[in-house]
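Each chain is listed here by its residues.
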Amino acid sequence: MSVQRQISAAELDEMREVFDKIDVDGNGHICPSELGNLFKQCGLPIPGYEMRQIIQALDKNKDERISFQEFTAVYLNQKDCRTAKFKEALNKKEGILAIGGTSEISSEGTQHSISEQERFAFANYINSSLEKDPDCQEVLPIDPNTESLFSAVSNGILLCKLINLSVPETIDERTINKKKLTPFTIQENLNLALNSASAIGCQVVNIGAQDLKEGKPHLVLGLLWQIIKIGLFADIELSRNEAIAALLEEGESLEELMKLSPEELLLRWANFHLKKVGMSISNFSGDIKDSKAYFHLLEQIAPDGSKEDVPRVAVDMTGLYEKDAVKRAELMLVQADRLDCRQFVTATDVVSGNAKLNMAFVATLFNKHPALTKPEDQEFNVTSETREERTFRNWMNSLGVSPHVHHIYGDLIDAMVILQLYEKTKVPVDWDNKVNHPPFKGIGGGHLKKIENCNYAVELGKNKAGFSLVGIAGQDLYDANETLTLALVWQLMRRYTFKVLEDLGNGDAASDDLIISWVNQTLANASKSSSIKNFKDKGISTSLPVLDLIDAIQPKSVNYELVKTESLSDEDKLDNAKYAISMARKIGAKVYALPEDLVEVNSKMVMTVFACLMGRGMKKA
């Protein structure tokens, strides 16, 4: 981990792209077979002894597989001849184009890898998803065979629409500039899109509005995939679809099933249906290349006519016997089209085993035809994720923590994410001597090592960060104690917010009182009538102080004709809040709070809104 602290955000993004293209099954590690396959596919076979040398150089913890951290350390060593072989192999891999990165945020001359397959798939997905949107008609349909996709996102409108498609009502449509666009209003749209993407959990720290305006391919594709993936995976969790309980295996608890990531649940779901025909797969890359698993999966999930208004679809299985793999894949996709699921992959994508696009294809199958029935013989007490939990989870993911956080409690029990958050809030972490790194081996799946990490996380909070952690022990984090885990995460988010302000204010200490004083002074200087006493002030429920502050920071940005001010109902307040949150993001404030937080005057989230606006105002000054 010490190596990563010397890597820029753009470089780290490139490392992740490279790593993900080798890690074809998407399990977060590169195994020897995946490494060998990369070299074979690129016509660069290497002798066994050389392969062993590469593995030994990368595999620092001797677990016979390569983590992202291990890969990054060696990939950055430009003088190592093995690094040169990696880059040569990747640039020769079919479907990959090496392009020079010229973003001001990234290093000049950096080579980024983009996938023509992804460009083709995302263009087609956008065409079908937004074809009826009147505000996108100027850029749709996008020609998937050209680079039109990269120019289509340049004014921000399409990105805003796509975000709302994945997470409805994230962006108030009234805040999108749609007519007579100028460089300034385009900049606002791109700010709105980037800050809203961050709010739903996309990592955008290495992407600027200028990158999107210029259509930087690797950055555009990376952002599009994050947005699309969030939408595809939205319902692949037990709290949103209780029928997923049918995937419980013998002896498995509901809690264990809930801890599975959407990717793991998709694999479990596919095998649940394939088991009926005596088949199984372990990934969405090599195991699906012959299309046979797909044929059988389609046959199992196809509507059988038992549901009203859903006619029966009999899948034609004769394509199974086609000898040519590409033709077989095409025949399979013809059947998928009959289920209205021909999205994301071409026959070539299937045969080449493009893990990312095949996962998207399977997610589409699940979302449209899950073919699951909730077990009737069991009682379930599945609680949905709270707004606060979702906000914290999205904040963590937007900072690029690894692994990605799907379930805020279960994914924090080894403290690896928490320790990364400490580092991002400028609390030094002794990765080499104090942290146990995965995979955790030992008694009980390495639980003692995980508890040691949790103890260290609590120790850092008490002794280095100055957190109030009375009654909180490492065991509480390991046990996924919801109240105590949230207490620590909130203090991390609060510290992160204050550190941003301190950086802008030349190191001056930030506090609640400082923020409140700045807000009221700024409102007064702009001759606004509103003010706030504290972050629990009931007047905040109208969102008027927030909107006035936005207009004070960027004069004439708020359209007060859209703001309700008299005898406000709860619906009126929510309407104002939706407008306020989107407007804050539009003028450049990275706000994670939700409109409901303003209406209910959730003091913690309210503080972050005003702090982010203060940060935006200080940048202007």
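Owing to the predicted nature of the structure, the values given are computational and were not obtained by experimental measurement.

Engineer: Hey, could you run me through the overall build of the chain in this one?
Structural biologist: In terms of helices and strands, the chain carries 27 helices and 2 strands. Here the chain, with 621 residues, has 54% of them falling under the buried criterion. By sequence separation, contacts in the chain at least 24 residues apart represent 59% of the contacts at least 6 residues apart. Total accessible area on the chain stands at roughly 27,900 Å², and carbon and sulfur atoms take up 48% of it.

Engineer: Sorry, what's going on with the nonpolar core here?
Structural biologist: In a soluble, globular protein the nonpolar side chains are often hidden away together inside. If you look at the biggest cluster of nonpolar residues, it comprises 93 residues, and the most contacted ones within it are Phe122, Ile126, Leu159, Leu223, Leu266 and Trp269. Sorting elements by how many residues they give to this core places helix 11 (residues 217-233) first, with 10 residues. The contact partners of Trp269, leaving out residues within four places of it in the chain, are Leu247, Leu297, Ile301, Val362, Leu365, Phe366, His369, Pro370 and Leu372.

Engineer: I keep staring at unusual backbone geometry and nothing clicks. Help me out?
Structural biologist: Outside of glycine, negative phi angles account for most residues, and trans bonds account for most peptide bonds. The peptide bond linking Leu140 to Pro141 adopts the cis configuration, its omega dihedral lying at -5°. Mapped onto the secondary structure, Pro141 falls in the loop between helix 6 (116-130) and helix 7 (148-152). In this chain, Ser402 is followed by Pro403 through a cis amide linkage whose omega measures 5°. Tracing the chain through its elements places Pro403 in the loop between helix 18 (387-398) and helix 19 (416-424). One non-glycine residue, Lys180, adopts positive backbone phi at about 45°. Mapped onto the secondary structure, Lys180 falls in the loop between helix 8 (157-166) and helix 9 (183-199). Look at Ser567: it is not a glycine, yet its phi comes out positive at around 40°. Secondary-structure assignment places Ser567 in the loop between helix 24 (544-553) and helix 25 (570-586). On the basis of relative accessibility, which here comes to 74%, the residue Ser567 falls in the exposed class.

Engineer: Would you mind showing me how to read the confidence of the model for the chain here?
Structural biologist: Detailed conclusions should not be drawn from predicted coordinates in areas where pLDDT is low. Averaged over all residues, the pLDDT of the chain equals 87, while 84% of them reach at least 70. Residue range residues 1-7 is modelled with pLDDT below 50. Its contacts to residues more than four positions away, or to other chains, number 17 contacts. Low pLDDT, under 50, characterises residues 98-111; the predicted model gives this stretch 34 contacts beyond four residues in sequence or across chains.

The rules behind each value
Note on numbering: residues in each chain are counted from 1, in written sequence order. Note on the predicted model: pLDDT of at least 70 is required for a residue's local features to be given, and 80 or more for side-chain atom pairs to be given and counted; whole-chain, interface and lining totals, by contrast, use all residues. With hydrogens and water set aside, each side-chain value is computed from the structure's full complement of heavy atoms. To qualify as a helix, a DSSP run of H or I must reach at least 4 residues; to qualify as a strand, a run of E must reach at least 2; elements of each kind are numbered from the N terminus. Think of it in three bands: residues with accessible area under 20% of the maximum for their type are buried, residues over 50% are exposed, and the middle band is partly exposed, with areas taken using a 1.4 Å probe on protein chains only. Every residue pair with non-hydrogen atoms within 4.5 Å of one another is taken to be in contact. To measure how exposed things are, a 1.4 Å probe is used in the Shrake-Rupley method; for residues, cover is taken only from the protein chains shown. What makes a nonpolar core is a set of buried Ala, Val, Leu, Ile, Met, Phe, Trp, Tyr and Cys residues whose side-chain atoms join them at distances within 4.5 Å. A residue's pLDDT is the predictor's confidence in that residue, given on a scale from 0 to 100.

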